[in-house]
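# Structural overview
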Amino acid sequence: MKHLTEIRWHGRGGQGAKTAALLLADIAFGIGKYVQGFPEYGPERMGAPVTAYDRISDSAIRVHSNIYEPDFVVVVDDTLLHSVDVTAGLSPNGALLINTEKGKDEILPLLKGYKGAVYTINARKVCMETLGKYFPNMPMLSALVRISGILEKDVFFREMEASLKHKFEKKPEVFAGNKKALEAAFDAVEQISFAADGKRVEIADRRVA
Amino acid sequence: MALSAKEIHETTRWQDLTEGLSIYEPATSKGFLTGEWRTDTPVVEWEKCRQCLLCVPYCPDSSIPVRDGKRLDFDYDHCKGCGICAAACPFGAISMKEGK
Amino acid sequence: MGIKQRMSGNEAVAYAMKQINPDVMPAFPITPSTELPQFVSSYIANGEMDTEFIPVESEHSAMSAAIGAEAAGARTMTATSSAGLALMWEMLYVAASNRLPIALALVNRALSGPLNINCEHSDSMGARDSGWIQIYAEDNQEAYDNFIQAYRIAEHKDVMLPIMICQDGFIISHGVSNIELLEDEAVKAFVGEYNPKHFLLNENEPMAVGPYAVSCYGMESKRAHAQAMINAGRVILDVAAEFEKISGKKYGFFEAYRLEDAEIAIVAIGSACGTTKDAVDLLRAEGKKAGLLKVRVFRPFPGKELAGALRNCRAVAILDRCESFSANGGPLAAELSAALYQAKGQAEVLKIVYGLNGRDYTVEDARQVFADLEEIAANGNRDGQEYRYIGLRE
């Protein structure tokens, strides 16, 4: 078991990548981990590419740089695949998670020959079916937990429920929708590519933390 | 440390000054006799004075005391002899005399 | 003892502000310190603080109002960054020379230009000669702990100086990580009430603040101000010792990390120190005697103590997260080099500029610096270039 897991989020301003990164840090803290969740501040504009990071560890974290060799990368918007080098430094033992409606034939050629596992999820479909609105960050967080195994499924749902209940105390319908979105997303993840060593890594077996 | 304004003067050591040179008593300017700076001195001809009190607000150094609605003679401890009162008087009751 | 939480640096300092609950906070928002007045305003609106918040029209006004409030006898704080601190410039000197123990939470950000919102120490380093105490933090925990200690230092009768509690913009201010908070009661008991000896609203003692000082008084006044800064050194250590009793956390002028037997060392301020510690551990694992000297207190400048901590080093790199355009390195390098000379230090010195305008400083950067130091320790500084950049495209 590796003691430090590093995650990089790519999104566009307004999609909630930073919020998702901070929420993940929050939840990992809740189960006793040392955490860092931080955004990289560039031009803060709706639609501009944004990057956010998580470190989750069993021991105190002192490093304060950005993450250059992440274990996992989450791409919240597939249009970023054309403009941002999302697989830069990504560990071949880690995984890439992309929010897209597209199939593997369209996605894989954009990944610059990344050798690790690649997963996709149609977060828009999940959102529209559960929330009726497109807020991709919650489904992406759920999908990340699924593919990374950084948290136990039960623990994740328990902590998220507590957090969402608190956040949407006065809006029970929003809480219910988000809860459904998280659950649906957990099951909507598809693996479109396997690690280059040919070893088939089942989603549920991928435990890094 | 000096607490009284009187103890703060040009030979006071740095150790004896107040923090930030604050002054912890009121009206210390009363003790500073600016009348010593005077080279010309205002004088009132009381028979011409109508007690209109216009000179009082014109005086930049508050050196024209007023009691019971009437101005008194100048406070020569503080009057610097600027002559504004003489210029302001509508009745020519104030004249400037050379020297103290 | 501590309450385990996760917070950003801004959340942590705002929490300390809530626990201290000073009397007055005039502030004007500026990135990345905007959250501080924002959080305090929320605490006030929620009835968790009864600080008088003064929304002002500029940072010059914020510091002016802070001066007025503090002179009136109110415990006062404010917060700012970068251009905000620059706009306070005139009033920073007034606050310090009037000996008003205001606490300023500074979230370090580059001064323009080029226009940039990210971390740099150019704002506080520019104000280093304004007569304020300056204490820096490696992480959110230290930013919180330093703010809790701030008033005890500033308001001490032998000090009576304003104090700047600095943290790295975005890197610390907006990064969420673990922290241990103190109980409200412990903070209140530690910080105590502010009972100024002299204050403008004391009806029994009318006073004048900030009088004109002709040349026969001004120099004596500055010497007394300098003495207060000298005294602050002892008070900072005393307050740290007391703070340790309630927190279990040790603070001093600096932290020496694996420095005792170090032959090569990096000296730095702020969040770069955490990153450097990871590099030190990697080098130690390779059998290399590397260490870190983290400067916590920059004003007063503990030159003798810092030089003493480096006495066994053969090569030292002094890192500045700002340019001073002296053509000879940054301010920490200049002052520490002078202190090393006074201490008859034998170490070769590199004066390194890093992290400008938010340029990331990585473990790899620190390793590169250590590699240069190793070379210099072994063979001397052969190209004679002391003043260098790290993390630069060239």
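What you see is a predicted model; the values in this text were computed from it and never measured. Counting from 1, residues in each chain are numbered in the order their sequence is written. Here every chain gets a letter starting at A, and every ligand a number starting at 1, in the order they are written. For this predicted model, a pLDDT threshold of at least 70 governs which residues receive local features, and a threshold of 80 or more governs which side-chain atom pairs are given and counted, while totals over whole chains, interfaces and linings are taken from all residues.

Here the focus is the overall build of chain A. Of the regular secondary structure elements, chain A holds 6 helices and 7 strands. When the helices and strands of chain A are read in sequence order from the N terminus, they spell out β-α-β-β-β-β-α-β-α-α-α-α-β. Computed over C-alpha atoms, the radius of gyration of chain A comes to 16 Å, within 12% of the 17 Å expected from 2.2 N^0.38 for 209 residues, which places it in the range of a compact globule. For the C-alpha atoms alone, the extent of chain A along its principal axes is close to 50 × 40 × 40 Å. Working definition of burial: number of other C-beta atoms within 10 Å of the residue's own, with buried at 20 or more, exposed at 12 or fewer, and partly exposed in between, all C-beta atoms being placed from the backbone. Burial analysis of chain A (209 residues in total) assigns 45% to the buried set. Once local pairs closer than 6 in sequence are excluded, the contacts in chain A between residues at least 24 apart make up 64%. Under the DSSP-based scheme used, a helix requires at least four consecutive residues in state H or I and a strand at least two consecutive residues in state E, with every element numbered from the N terminus. The globule rule is 2.2 Å times the number of residues to the power 0.38, and the radius of gyration it is compared with is taken over C-alpha atoms. Throughout, a pair of residues is in contact if the C-beta atoms placed from their backbones lie within 7 Å.

On to the domain arrangement of chain C. Residue and element names in this part refer to chain C. Either an automatic procedure or a domain database provided the assignment from which the domain bounds are taken. If you check the domain split of chain C, you get domain 1 (3-247) and domain 2 (254-389). One C-alpha centre belongs to domain 1, the other to domain 2, and the line joining them spans 28 Å. The interface is formed by 27 residues belonging to domain 1 together with 20 residues belonging to domain 2. Of all elements in the fold, only α5 (122-126), β6 (133-136) and α8 (215-247) reach the threshold of two or more residues within the side of domain 1 that touches domain 2. With 5 residues, α8 is the single largest residue contributor to the side of domain 1 that touches domain 2.

Moving on, we come to the interface of chain C and chain A. Taken together, the contacts link 19 residues of chain C with 17 residues of chain A. At the level of secondary structure, the elements contributing two or more residues to the side of chain C that touches chain A comprise β8 (176-181) and α9 (272-285) of chain C. Top element by residues in the side of chain C that touches chain A is α9 of chain C. It accounts for 4 residues. By residue class, the composition of the side of chain C that touches chain A is 6 nonpolar, 9 polar and 4 charged. Whether two strands pair depends on DSSP finding at least two bridges between them. Where strand β2 (residues 34-40) of chain A lies against β8 of chain C, 2 bridges are found, and the strand directions are antiparallel. Bridging across to β8 of chain C, G37 of chain A finds its partner in V176 of chain C. The nonpolar class holds Ala, Val, Leu, Ile, Met, Phe, Trp, Tyr, Cys and Pro. Asp, Glu, Lys and Arg form the charged class, and all remaining residues, Gly among them, are polar.

Okay, the sheet that holds strand β5 (residues 103-108) of chain C next. Residues and elements named next belong to chain C. In spatial order, the strands read β4-β5-β7-β6-β12; together these 5 strands make up an open sheet with mixed pairing. Of all strands in the sheet, those with a lone pairing partner are β4 (77-80) and β12 (297-299), marking the two edges. Adjacent strand axes in the sheet meet at a mean angle of 20° when their direction is disregarded. Pairing of β6 with β12, which is carried by 2 bridges, proceeds in the antiparallel orientation. For Q134, the partnering residue across the bridge sits in β12 and is R299. The axes used here are C-alpha line fits, helices contributing only the stretch in contact, and every angle between their N-to-C directions lies in the interval 0 to 180 degrees.

Summary of the metric used: pLDDT quantifies the predictor's per-residue confidence within the range 0 to 100. The share of residues in chain C with pLDDT of 70 or more is 100%, and the mean pLDDT across the chain is 97. Quick note on the complex model: pTM equals 0.93, ipTM equals 0.93.

This brings us to the confidence of the model for chain A. Interpretation of this model should avoid reading the predicted coordinates in detail wherever pLDDT is low. All names here are of chain A. Confidence in the prediction for chain A averages 89 pLDDT; 91% of positions are at 70 or higher. Ranking the helices and strands of chain A by mean pLDDT puts strand β4 (residues 72-75) first, with 98, and helix α5 (residues 153-167) last, with 87. Low confidence marks residues 204-209, where pLDDT is under 50. Its contacts with residues over four positions away, or in another chain, come to 15 contacts.

Time to look at the sheet that holds strand β13 (residues 315-320) of chain C. Residues and elements named next belong to chain C. A sheet is described by the order of its strands in space; here 6 strands give the open sequence β9-β11-β10-β13-β14-β15, paired in mixed fashion. Two strands in the sheet have a free side with no partner beyond their single neighbour: β9 (254-257) and β15 (387-389). Pairwise comparison of adjacent strand axes, ignoring direction, gives a mean angle of 20° for this sheet. As judged from the 4 bridges shared by strand β10 (residues 264-268) and β13, these two strands associate in the parallel manner. Residue A265 lies in a different strand from β13, and its bridge partner there is V316. The strands that helix α12 (residues 363-379) touches are β10, β11 (290-295), β13 and β14 (348-353); relative to β10, the one it contacts most, it runs at about 135°.

This part takes up unusual backbone geometry. Of note, the amide linkage connecting T31 of chain C to P32 of chain C takes the cis form, showing an omega dihedral of 0°. Note on placement: P32 of chain C falls in the loop between β2 (24-27) and α2 (35-45). Its identity as a non-glycine residue notwithstanding, A27 of chain B has a phi of 55°, on the positive side. Inspection of the secondary structure puts A27 of chain B in the segment before β1 (40-44). Judged by C-beta crowding, with 8 C-beta atoms within 10 Å, A27 of chain B ranks as exposed. In the Ramachandran plot, N21 of chain C falls in the positive-phi region, its phi being about 50° despite a non-glycine side chain.

Time to look at the interface of chain B and chain C. Chain B puts 11 residues into the contact, and the matching count from chain C is 19 residues. Broken down by class, the residue content of the side of chain B that touches chain C amounts to 6 nonpolar, 2 polar and 3 charged.

Residues and elements named next belong to chain A. The end-to-end C-alpha distance of helix α1 (residues 17-30) is 20 Å, a good match for the 20 Å that 14 residues give at a rise of 1.5 Å each. Counting buried residues along α1, 11 of its 14 residues qualify, which places the element largely inside the surrounding structure. For α1, the set of buried residues is A17, K18, A20, A21, L22, L23, L24, A25, I27, A28 and F29. Directly beyond the C-terminal end of α1, a positive phi value near 90° is found at G32. Working rule for helices: expected span equals 1.5 Å times residues minus one.

Residues and elements named next belong to chain A. The interhelical angle for the contact between helix α4 (residues 137-148) and helix α6 (residues 172-188), taken along N-to-C directions, is 40°, at an axis separation of 8 Å. Relative to α6, the element α4 is oriented oblique. Crossing of α4 against α6: the hand is right-handed. On the side of α4, the interface is formed by M138, P139, S142, A143 and R146, while α6 contributes N178, A181, L182, A185 and F186. Classifying every residue of the contact of α4 with α6 gives 7 nonpolar, 2 polar and 1 charged. Here roughly perpendicular refers to angles of 65 to 115 degrees, roughly parallel to angles under 35, roughly antiparallel to angles over 145, and oblique to all remaining angles. Crossing handedness is defined as follows: a turn of the near helix away from the far one that is anticlockwise and smaller than a right angle gives a left-handed crossing, while the clockwise case is right-handed.

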